Amino acid sequence: MISLQNIALRRGTQLLLSQASLNIYSGQKIGVIGRNGSGKTSLFKLLMGELSHDEGRLDMPEGLKKSQMRQETEGSSRPALAYVIDGDTGLRRVESAIAEAEAAARHEQLGQLHAELELMDGYSVTNRAEQLLSGLGFQTAEFQKAVQEFSGGWRIRLNLAQALMTPSDLLLLDEPTNHLDLEATLWLQQWLQRYPGTLLLISHDRSFLDKVVSHIASVDNQQLTLYRGNYSDYERQKAERLAQQQAIYQKQQQRKQEIENFVRRFRVQANKARQAQSRLKELDRMTLIAPAHVDSPFQFSFPKPDKLPDSLLACDRIDVGYKEVLIRNFSINIRADSRIGLLGANGQGKSTLLKVLANQLPVLGGETSRSDHLKVAYCAQHQIDVMDAAATPLQLLQALDKTIREQEARDFLGRFDFQGDRIMETIGHFSGGEKSRLALALVVMQRPNLLVLDEPTNHLDLEMRHALTVALQEYSGALILVSHDRYLLNNTVDQFLLVKAGRVEYFEGDLDDYEKMLLEAARSEQKNSRTGAGDGKPDRKEQRQQSAAYRNQIKPLTNRIRKLEQELDKKHQRQRELERRLADTALYEDQNKGELNGILQEQGRLGSEVDALESQWLSCNEELENF
């Protein structure tokens with residue numbers, strides 16, 4: 001057990017922890033949360049022995065093996081594979097001793113050292129390191145590439161691989177998913193689920209926390225509070241506590257009503273069963289945890305677009321890329337109500353496609369047609385890197401709207417938690433999270449009718465991510481989104497496109513289906529690797545047979561779902577007809593009372609029938625999901 005008792009911790013003059021206590025038991029997986037600057041990273045440094053506490057007592061077991069993910073990597077000519085293996089310093093020590101013993105012909109010592117190497121599983125170290133690199137998205141050809149040749153984000157991945165390679169009883173990971181795509185995030189999620197040691201994880205990805213951790217340690221008001229369960233459990237516990245406070249009751253009810261309205265709107269429009277089922281579950285759950293966020297410093301929304309034509313942007317058989325084509329023959333019609341999430345591994349062309357749609361990059365072939373009233377706001381993946389470091393938030397806002405007054409700018413930026421004189425400071429001194437919040441504020445300021453967002457949650461904390469999710473739910477324009485944040489995707493888009501091997505295709509399913517597809521592909525690849533399949537390719541005939549058998553098994557269920565959807569469409573159409581009839585003021589004249597009563601009775605009956613059909617529809621889809 002690791003025990004912190006009445007700890008006081010300072011960084012400079014700032015008191016981060018005061019009389020803070022926490023017990024960490026062997027094998028626990030704990031998510032560490034708290035606002036930026038609350039002391040999470042300093043807590044990690046304390047546990048690693050890089051900082052000393054000012055008061056209290058810290059007890060750790062003797063001989064505890066610790067590993068952490070470093071945030072910086074200096075340029076090195078060391079090959080990536082060797083750099084990752086360097087994480088196992090004990091193994092490197094034995095390898096060095098073997099080299100010395102061989103040179104000195106100390107045969108007896110060599111035997112002992114080789115036995116020690118075998119106990120360390122040293123003969124499989126190269127294979128284990130290659131698996132780590134592959135899981136984190138590195139190509140085989142890059143294994144021998146020098147560390148200094150990789151970009152900053154890929155160097156962070158190398159640091160993560162090295163931390164996972166290090167034998168440890170205690171593993172400390174600080175924002176490990178920040179530079180990962182969804183595929184690598186899912187792989188890391190599985191790896192950590194299998195990790196047998198004690199894990200402390202700082203993350204702003206709530207879906208990742210939900211899948212990995214069993215406890216939440218909240219750093220708040222200079223205290224450490226441990227909650228049992230994952231992040232969603234923590235949210236519910238916090239919501240229940242805050243809901244008892246009368247001061248927030250009204251805000252809670254208002255937010256609940258907003259979400260319920262959003263759910264109802266989606267029920268009527270939904271036409272993709274699996275996506276709709278997943279979306280409705282997520283949105284219904286949000287009504288329960290809304291109170292947990294009413295004290296958030298972020299309270300913003302996207303203003304209604306000035307104009308919102310039905311068709312915003314049409315692409316006809318376009319080719320996308322720079323000098324070489326990455327995506328071929330892509331067609332789409334983006335409408336006012338389009339809410340699209342792009343899926344696919346890094347390097348497939350998702351960001352390039354977004355640049356084309358945002359008119360930041362020309363097409364290499366095909367045609368695009370843009371509405372005269374189209375107004376795109378584009379937030380690039382690395383937007384904060386191109387912002388003018390010498391500018392202030394006020395100056396950047398005034399560059400978009402020269403008529404805005406200082407007080408209006410203060411009020412607007414205050415919703416993104418830029419308070420007081422912060423709007424007058426040059427952004428070169430801002431943290432990554434502050435720059436990301438500012439970039440989003442500038443996007444909101446543009447009043448777009450088409451939002452194109454490429455990894456907008458990078459560097460954002462959990463509260464800001466939640467605020468962005470809420471704002472995107474209420475946004476009335478079109479949305480195209482690339483994100484590895486599954487919570488954001490689940491709650492803001494209703495259609496997925498898969499970018500793979502130069503093609504873009506509609507993905508008929510939700511994120512759970514996508515995760516299953518990736519995991520199945522990984523299992524198939526591992527199976528072929530173990531059996532030594534000649535060309536490394538899966539047995540296509542066997543795959544077709546398995547797919548056909550699966551389709552036959554689920555056919556009665558899918559037929560039932562299709563019939564329910566057809567019935568629901570008819571009921572929804574009749575409901576709209578009744579609503580149009582009820583909007584006619586003549587219906588409320590005395591001579592039409594009989595007709596009015598009949599319509600009201602039919603409307604009530606239809607509502608009950610729709611509820612029953614939707615209940616059956618959700619039940620069937622749950623059965624299909626668990627098939």
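What counts and what doesn't
- Residues numbered from 1 in each chain as written.
- Predicted model: local features only at pLDDT ≥ 70, side-chain atom pairs only at ≥ 80, totals over all residues.
- Heavy atoms only, no water.
- Helix = DSSP H or I, 4+ residues; strand = E, 2+ residues; numbered from the N terminus.
- Buried < 20%, exposed > 50% of the residue type's maximum accessible area, 1.4 Å probe, protein only.
- Areas by Shrake-Rupley, 256 points an atom, 1.4 Å probe, with all protein chains shown as cover.
- Pairing = 2+ DSSP bridges.
- Axes fitted to C-alpha atoms, helices over the stretch in contact; angles between N-to-C directions.
- Contact = heavy atoms within 4.5 Å.
- Parallel < 35°, antiparallel > 145°, perpendicular 65-115°, else oblique.
- Salt bridge = Lys/Arg side-chain N within 4 Å of Asp/Glu carboxyl O.
- 1 Å grid on protein atoms, 1.4 Å probe; cavity = no way out; pocket = protein on both sides within 12 Å on 5 of 7 lines; lining within 4 Å.
- Points joined across faces, edges and corners; volume = space filled by probe spheres on them.
- Nonpolar A, V, L, I, M, F, W, Y, C, P; charged D, E, K, R; others polar.
- Polar contact = N/O pair within 3.5 Å; in protein donor to acceptor, adjacent residues only side chain to side chain.
- Phe/Tyr/Trp six-rings, centres within 6.5 Å; stacked < 30°, edge-to-face > 60°.
- Lys NZ or Arg CZ within 6 Å of the ring centre and 35° of its normal.

A word on the overall build of the chain
- Along the chain, the regular secondary structure elements total 20 helices and 18 strands.
- Among the 627 residues that make up the chain, the fraction classed as buried is 48%.
- On the chain, roughly 31,100 Å² of surface is accessible, and the fraction owed to carbon and sulfur atoms is 45%.

Points about the sheet that holds strand β10 (residues 311-321)
- Overall, antiparallel pairing links the three strands, which are arranged β11-β10-β13 in an open sheet. In the strand order of this sheet, the two ends are held by β11 (325-335) and β13 (365-370), each with one partner. Neighbouring strand axes in the sheet, compared pairwise and without regard to direction, differ in orientation by 10° on average.
- Sheet strands touched by helix α12 (residues 350-357): β10, β11 and β13. Its angle to β10, the strand with the most contacts, is close to 135°.

Examining the packing of helix α13 (residues 393-400) against helix α14 (residues 406-414)
- Two elements in contact, α13 and α14, have axes whose closest approach is 10 Å; the angle formed by their N-to-C orientations is 110°. Classified by the angle their axes make, α13 and α14 are roughly perpendicular. Where α13 abuts α14, its residues Pro 393, Leu 394 and Leu 397 lie against Glu 406, Ala 409, Phe 412 and Leu 413.

Looking at the pattern of salt bridges
- As enumerated under the stated definition, the model contains 20 salt bridges in all.
- Between Asp 306 and Arg 447 there is a salt bridge whose closest N-O contact spans 3.3 Å. Of this pair, Asp 306 sits in the loop between α11 (273-289) and β10 while Arg 447 sits in the loop between α15 (432-445) and β15 (450-454); the two residues are 141 residues apart in sequence, bridging distant segments of the chain.
- Judged by relative accessible area, Asp 306 falls into the exposed class, the value being 57%.
- A relative accessible area of 32% means that Arg 447 is categorised as partly exposed.
- Of the charged contacts in the structure, one is a salt bridge between Arg 574 and Glu 577, with a shortest N-O distance of 3.0 Å. In this pair, Arg 574 and Glu 577 are both assigned in helix α19 (residues 540-582), three residues apart and thus about one turn of the helix distant.
- The class for Arg 574 is partly exposed, based on a relative accessible area of 30%.

Comments concerning empty space enclosed by the protein
- Under the counting rule described, the total for this entry stands at three cavities of 30 Å³ or more.
- Of the pockets and cavities examined, the largest cavity occupies roughly 90 Å³.

Describing the packing of helix α5 (residues 125-135) against helix α7 (residues 182-194)
- Where α5 meets α7, the axes come as close as 9 Å, and the angle between the chain directions of the two elements is 135°. Classed by the angle they form, the pair α5 and α7 counts as oblique. In contact with Gln 131, Leu 132 and Gly 135 of α5, α7 contributes Ala 184, Trp 187 and Trp 191.
- Each residue belonging to the contact of α5 with α7 can be placed in one class, and the counts come to four nonpolar, two polar and no charged.

Remarks on α14
- Burial in α14 covers these residues: Ala 409, Phe 412, Leu 413 and Gly 414.
- Lining the buried residues of α14 we find α13 and α15.

Concerning helix α1 (residues 40-47)
- Burial runs high along α1: six of the eight residues are buried.
- Those residues of α1 not exposed but buried are Lys 40, Ser 42, Leu 43, Phe 44, Leu 46 and Leu 47.
- Positive backbone phi, approximately 80°, marks Gly 49, located one or two places after α1.

Description of the layout of surface pockets
- In this structure, the second largest pocket encloses a volume near 800 Å³.
- Among the elements that line the lining of the second largest pocket, the one with the most residues is helix α6 (residues 152-165), at four residues.
- Taken together, the residues of the lining of the second largest pocket break down into four nonpolar, 18 polar and seven charged.

Some thoughts on the side chain of Arg 465
- With respect to the helices and strands, the residue Arg 465 is situated in helix α16 (residues 462-474).
- Within the local environment of Arg 465, its side chain forms a polar contact with the backbone oxygen of Leu 460, the two atoms lying 3.0 Å apart.
- Apart from residues no more than four positions distant in its own chain, Arg 465 is found in contact with Asn 178, His 204, Asp 205, Thr 457, Leu 460 and Asp 485.

Considerations on the sheet that holds strand β4 (residues 55-59)
- Reading across the sheet, the three strands line up as β2-β1-β4 and stay open at both edges, with antiparallel pairing between neighbours. This sheet does not close on itself; its edge strands, each paired only once, are β2 (14-24) and β4. Within this sheet the neighbouring strands show an average axis-to-axis angle of 25°, counted without direction.
- Two strands pair when backbone bridges link them, and strand β1 (residues 2-11) and β2 are joined in this way by seven bridges, in the antiparallel orientation. The residue bridging Ile 7 from the neighbouring strand is Ala 20, located in β2.

Overview of the packing of aromatic side chains
- Taken as a whole and judged by the stated rule, the model has eleven aromatic pairs.
- Taking the centre distance of 5.8 Å and the plane angle of 15° together, the rings of Trp 191 and Tyr 195 count as stacked. The two residues Trp 191 and Tyr 195 agree in class, both being buried.
- Aromatic pair Phe 412 and Phe 416: ring centres 5.5 Å apart, planes at 55°, arrangement tilted. As far as burial versus exposure is concerned, Phe 412 and Phe 416 are alike and both buried.
- Across from the ring centre of Phe 150, 4.6 Å away, lies the NZ or CZ of Lys 145, which sits over that ring.
- Geometry around Phe 418 places Arg 437 over its ring, the cationic atom sitting 4.9 Å from the centre.

Some remarks on the pairing of strand β6 (residues 170-174)
- Within β6, five of the five residues are buried, which leaves it mostly tucked inside the rest of the structure.
- Burial along β6 is two-sided: the residues Leu 170, Leu 172 and Asp 174 and Leu 171 and Leu 173 are all buried.
- Two elements, strand β5 (residues 66-68) and β6, share three bridges in a ladder whose sense is parallel. The residue of β6 that forms the bridge with Ser 67 is Leu 171.

Some thoughts on the pairing of β10
- The pairing of β10 with β11 spans seven bridges and is antiparallel. Of the residues in β11, the one forming a bridge with Gly 321 is Val 325.
- The hairpin turn running from β10 into β11, its antiparallel successor, is three residues long.
- Relative to β13, β10 runs antiparallel, the two sharing five bridges. Paired with Ala 314 across the strands is Ser 369, a residue of β13.

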